[in-house]
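# Close look at the chain arrangement
As a plain string of letters, each chain reads:
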Amino acid sequence: MTGRRTLTRLIATAGLTLASTAAALAQPCGTAAGTDNAPLYPLPHEAKWGFVGADGEWRLAPQWRQVRPFSEGVAAVETNAGWGLIDSTGAYIAEPGAHDADSVVIDGARYALSPYKPMAQGCSAATPADGDAHFITPTGERWDPKALSDEEVLDLGSFSEGLAWVRVARGKYSAVGWIDTSGEMVIAPDFTDGGDFVGGRAPAAINDENWGYIDTSGALVFPGKFTLQDAGRYGDGLAPVRVGRESGFMDDTDWRFKSATYPDGQQTEIRAAAPFHDARAAVQPGPVWINPQGNVAVNPQAGARHAICNEKRLPRYHDGLLPLVVGDGTNICGNTPDITYEGPGDPRSGPQRMLWALPWARDKLVWLDRGGTTVIDASACRRAPGIAALPSTTSGGALAEGAYRLRLSGMVAGETDPQRADAPCNRSTFEMDGNTATNEGGPWQLSLSGAARWQDHPVNLSLSLELPAGITAGQHPVKTPQDDNAVSAYLWLSVRDAGPNAPRPPSYASAGGGTLTLKRRDQTGLTGQVDMTLVSNENAQDTVDLSARFNAIPYTPGPEVALIETTGAVTALAESMPDDPLINFFTPASAQRDEGTLTLSLGKHGPKLELTLPADHSGSFTAGPDAPASIRFAGVPVTGEGELKHENGHLNGRVTASLAAHDQINGEGSVTLRFAAVPMEADQ
C-alpha cells in the first residue's frame, strides 16, 4: 500500500509540474475576483442549508448538509459525496468529493471541516485529506505552486496582499512560511505559526508563546522582540493581541485600548479578542462587538434580546452581517452538547470559531447588522425557493389587489410599505370572526400586520378590525370593543428579538373615535380605509393615531353549516332549548378521506351528524342500510338523502336526515342542513 501511494504521488507530481509551470506564468492568484452579485448568507432549514439574500428570502434552496459563507462570489458546500465549491447561481465550479482531515464531532455526529478556505484574491486554498494542497480559481482551474512540489504541505492559507502562508512538515514538527503569486517561497518556513498579511504586516510566531509581526521580507517590525503571547491579523489598522494577562488591540506602534466602553460609559477589561471585520470585532467578556474606537456597538444579549448559545465563540462579520446561534422562542438554548474535534489540528476549529451547526436543544441562526438589529432570522416565515413576490402596487403606484398600507403616529410610530395580504407567510386576512356555523351574515374580522417603532425599538404589529354582522359598504363609526354591534379595533405589538425579561409594549384598543369607510364588502374581498385613535390598556394618555388603506383584501372562508329545516320531534327538540341553538350540535364541520371512503362530520360533540360515502362520490345520494352511503345521528344509524359536490379540495352540499325511533328524540322527525367550504383532509 505504501509503494502504491508513493507511485501515485510521483505520477501526480510529475503531471502537476507541467501544469504548475503554465499556471505560474498565468499567475491566477493575487487579484480579487470581481463580482457584482448581491451578498448571500447561509441559513438552515429542516436539517439542510441554503443561502438567502439580505431580505431573508431564499436565493439558493436549502439542499446541502453543510455550507460556508460566500467570498468573492464562491462558497464551499458539502453533500453526501463531500465538499465542493459553487458560484452565486449554485452551479459547481468544483464538484463535491473532497474531504478535510479535521472535523468537529457534535454529540457523536461527525462534521468534516471544509477543505476549501474562503476565496481570496482570486483563489481558494484547498487542503484535501486524500490529495495535495493546491489553489482553485473561480472558474474551477487548479493551480499548484512550484514551491510546494517538494514539500509535505500540512496546511495552506488564503492569499492576502499577494502572499499566502503555508505550513510544511519538518520531521516531527512543522514550520510556516509564505509564498507569493508566482508560487515561490519568498519568506522561508522559519516560523512555528503565522497568518495573513494586512497593511504589510502578518502575525508570526517563533514558538507557541512568542509572537510578533513581520513585514513582507520576513523581518520582525513590531514589537522589538517576539514577546506577544498571542497575535491576530490586522483589521481597520488594529490587531488583537495578548501580552501576559493583558488583552486588547494594538496599532502599528503600541496599545490602542485594552478595554471595551459601553454606551453608559462603563469600561470592561478585554479578556479575549478576535480580529476586526467590517469595522466590528468580537471581544470577551460578553461577547460583544466593538467598533475601531473601542466602543461597544453590538451587544446582542442586552435587554434579554438574544441568548447566545455558546458565549465562548467569537464569530466575525460577513458582508456586513454577523451570524449568531441563539435561543429560539424562549431565548433558552438548552444544555450544551458534547463538542470535540478530530484530526491533526486546524486553526479554523476550536471554541472561538463560528460553529456552522445548530446542535443546541432550542436554537436558531440569526444575522445581525452593524447596529445589532436582526436582519435575517432562520425561524422567520419565508417564501419557498423560486417563488416570486406578488406585486403590492400597480404600475401607477396605487395599491394592488390584496394589498394594504399602515401608518402610525404617537407612542407607536412608523409606516408599513405596501404589503400583500395574500402573500405566503402573511397573516393579514379578511375572515369570519369566531363563528363556527355560517359566515353568511358575519361577523367578520380584518387582520393587518406591519412594523413600527416603540420606545425606539423595532416592533411587529398586528391590527384587528372587528366587523359586525351585516355590515355593508359605506361609512361606519369606530367604537369601543364593548359594542358588539359596531366596528372596533385592537392593536397588538411585539418587540423583535425580545427575551423573557425585555420590556413589553402595551396593547391598544379603539376608544370610540374614528371612521371606517368600506368601498366594497363581500365574501371575496374587502376594500376601504380606516382612520382612528387607539388607547393603551395601561394608560389613557398613551395613544396611537392609525391610518390604514386596503384594497381587495381576500376573504378567508371557513366551513359553513346552515340549518334549513326541521320537522316533528326535531323541531320540538330545538324549541325546548332556547338558550342552546340546535345549529351548535352540527358545528364545526370536517371531512376525512380514508381508504376509499369519505366521512363528513357535522358537529363534534352531542348528537352530531356523520355521513359516510365512497371517496369519489359526487352528486345526489341516498343513505341507509341498503345504500352505498350511510348516515348516523348521535351515533345511531338513520336514513337520509342529499347532494354532494367537490370543489377545490372542499365539500359543498346539503343533507336531510330522517329519524324514526331514537333514544335522544321523542318521536319521528327530520333535519335538513346545508354545508359549504368543508376542507377534505387525509386520515392521520
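Residues numbered from 1 in each chain as written. Predicted model: local features only at pLDDT ≥ 70, side-chain atom pairs only at ≥ 80, totals over all residues. Heavy atoms only, no water.

Across all of its chains, the model carries 21 salt bridges by this definition. K258 is the salt-bridge partner of E246, the closest N and O atoms lying 3.0 Å from each other. Here K258 lies in the loop between β24 (255-257) and β25 (259-261) and E246 lies in strand β23 (residues 246-250), a separation of twelve residues in the sequence. In this structure E246 comes out as partly exposed when scored by relative accessible area, which is 38%. Through salt bridges that share partners, D328, K364 and D377 make up one connected network. (Salt bridge = Lys/Arg side-chain N within 4 Å of Asp/Glu carboxyl O. Helix = DSSP H or I, 4+ residues; strand = E, 2+ residues; numbered from the N terminus. Buried < 20%, exposed > 50% of the residue type's maximum accessible area, 1.4 Å probe, protein only.)

What follows deals with the sheet that holds strand β11 (residues 134-136). If you walk across this open sheet you meet the three strands as β10-β11-β12, and the pairing is antiparallel. Of all strands in the sheet, those with a lone pairing partner are β10 (124-126) and β12 (142-143), marking the two edges. Here three bridges tie β10 to β11, and the two strands are oriented antiparallel to one another. Counted as the bridge partner of A125 is F135 from β11. (Pairing = 2+ DSSP bridges.)

A separate point is the sheet that holds strand β27 (residues 272-273). Pairing is antiparallel in the open sheet, where four strands are placed in the order β27-β28-β29-β30. Sheet topology places β27 and β30 (296-298) at the edges, where each strand pairs with a single neighbour.

Moving on: the environment of M411. With respect to the helices and strands, the residue M411 is situated in the loop between β35 (403-410) and β36 (412-420). Residue M411 is classed as partly exposed on the basis of its relative accessible area, which comes to 43%. Separated by 134 residues in sequence, M411 and D545 place their C-alpha atoms 8.8 Å apart.

This next bit is on the pairing of β36. Bridge count between β35 and β36: five bridges; the pairing is antiparallel. By the bridge assignment for β36, L406 is matched with T416. Between the end of β35 and the start of β36, which pair antiparallel, lie one residue. Examined bridge by bridge, β36 and strand β38 (residues 444-454) share two bridges and lie antiparallel to one another. Considered in β38, the bridge of V412 is made with W454.

What follows covers the packing of aromatic side chains. Considering all chains together, one arrives at 18 aromatic pairs under this definition. Here the aromatic rings of W49 and W356 are separated by 6.3 Å at their centres, their planes lie at 75°, and the arrangement is edge-to-face. In this pair, W49 sits in strand β2 (residues 48-52) while W356 sits in the loop between β32 (339-342) and β33 (363-368), placing the two residues 307 residues apart along the sequence. The same class applies to W49 and to W356, which are both buried. Plain terms: the ring middles of F135 and F159 are 4.9 Å apart, the flat faces sit at 40° to each other, and that makes the pair tilted. One end of the pair, F135, is in strand β11; the other, F159, is in the loop between β13 (153-156) and β14 (163-170), and 24 residues separate them in sequence. A single burial state applies to F135 and to F159, both of which are buried. Among the aromatic residues, ring-to-ring pairing joins Y41, W49, W356 and W367 into one connected group. Sitting above the plane of the W58 ring, R382 keeps its charged end 5.8 Å from the centroid. (Phe/Tyr/Trp six-rings, centres within 6.5 Å; stacked < 30°, edge-to-face > 60°. Lys NZ or Arg CZ within 6 Å of the ring centre and 35° of its normal.)

The next point concerns the nonpolar core. Counting 36 residues, the largest nonpolar core has L465, L467, L491, L516, M532, L546 and F550 as the members making the most contacts within it. At six residues, strand β44 (residues 543-556) tops the list of elements feeding residues into this core. In this structure, L609, A623, I631 and A657 belong to the second largest nonpolar core, which totals 31 residues. (Core = buried A, V, L, I, M, F, W, Y, C linked by side-chain atoms within 4.5 Å.)

In this section: unusual backbone geometry. For the bond from F222 to P223, the omega torsion is -15°, close enough to zero to count as cis. Mapped onto the fold, P223 is located in the loop between β20 (220-222) and β21 (230-231). The amide bond that connects T587 to the next residue, P588, takes the cis arrangement and shows omega of -5°. Unusually for a residue other than glycine, D107 sits at a positive phi of about 50°. Within the secondary structure layout, D107 lies in the loop between β8 (103-106) and β9 (109-112). A relative accessible area of 56% places D107 in the exposed class. Residue A634 is not a glycine yet carries a positive backbone phi of 55°. In this structure, A634 sits in the loop between β50 (630-633) and β51 (636-647).

Moving on: the environment of G402. Structurally, G402 can be placed in the loop between β34 (374-377) and β35. Distance from G402 to G528, taken between C-alpha atoms, is 12 Å for residues 126 residues apart in sequence. Dropping the residues within four chain positions of it, G402 is found in contact with Q419, R420, A421, D422, N551, A552, I553 and P554. (Contact = heavy atoms within 4.5 Å.)

What follows is about the side chain of R420. As for its placement among the helices and strands, R420 is situated in strand β36. Take R420: its relative accessible area is 13%, and that puts it in the buried class. A distance of 2.8 Å separates a polar atom in the side chain of R420 from the backbone oxygen of P391. (Polar contact = N/O pair within 3.5 Å; in protein donor to acceptor, adjacent residues only side chain to side chain.)

Turning next to the environment of P263. Examined against the element boundaries, P263 turns out to sit in the loop between β25 and β26 (267-269). With 34 residues separating them in the primary sequence, P263 and A297 have C-alpha atoms 8.3 Å apart.

Turning to the confidence of the model for the chain, a few remarks are in order. A residue-level look at the chain finds 93% of positions with pLDDT of 70 or above and a mean pLDDT of 89. Every residue in residues 1-25 scores below 50 in pLDDT, and together they form 13 contacts with partners more than four places removed in sequence or on other chains. (pLDDT = per-residue confidence, 0-100.)

Within this model, the second largest pocket holds a volume of roughly 1,700 Å³. Lining of the second largest pocket is provided by 49 residues; of these, A380, C381, Q419, N460 and R496 occupy positions nearest its centre. Listing elements by their share of the lining of the second largest pocket, those giving two or more residues are β34, β36, β38, β39 (457-467) and β41 (488-495). Among the elements that take part in the lining of the second largest pocket, β36 stands out by supplying eight residues, more than any other. (1 Å grid on protein atoms, 1.4 Å probe; cavity = no way out; pocket = protein on both sides within 12 Å on 5 of 7 lines; lining within 4 Å. Points joined across faces, edges and corners; volume = space filled by probe spheres on them.)

With that settled, the discussion passes to the side chain of S449. Within the secondary structure layout, S449 lies in strand β38. Contacts of S449, omitting those with residues within four sequence positions, involve Y404, L406, Q419, N426, R427, S428, L461 and S462.

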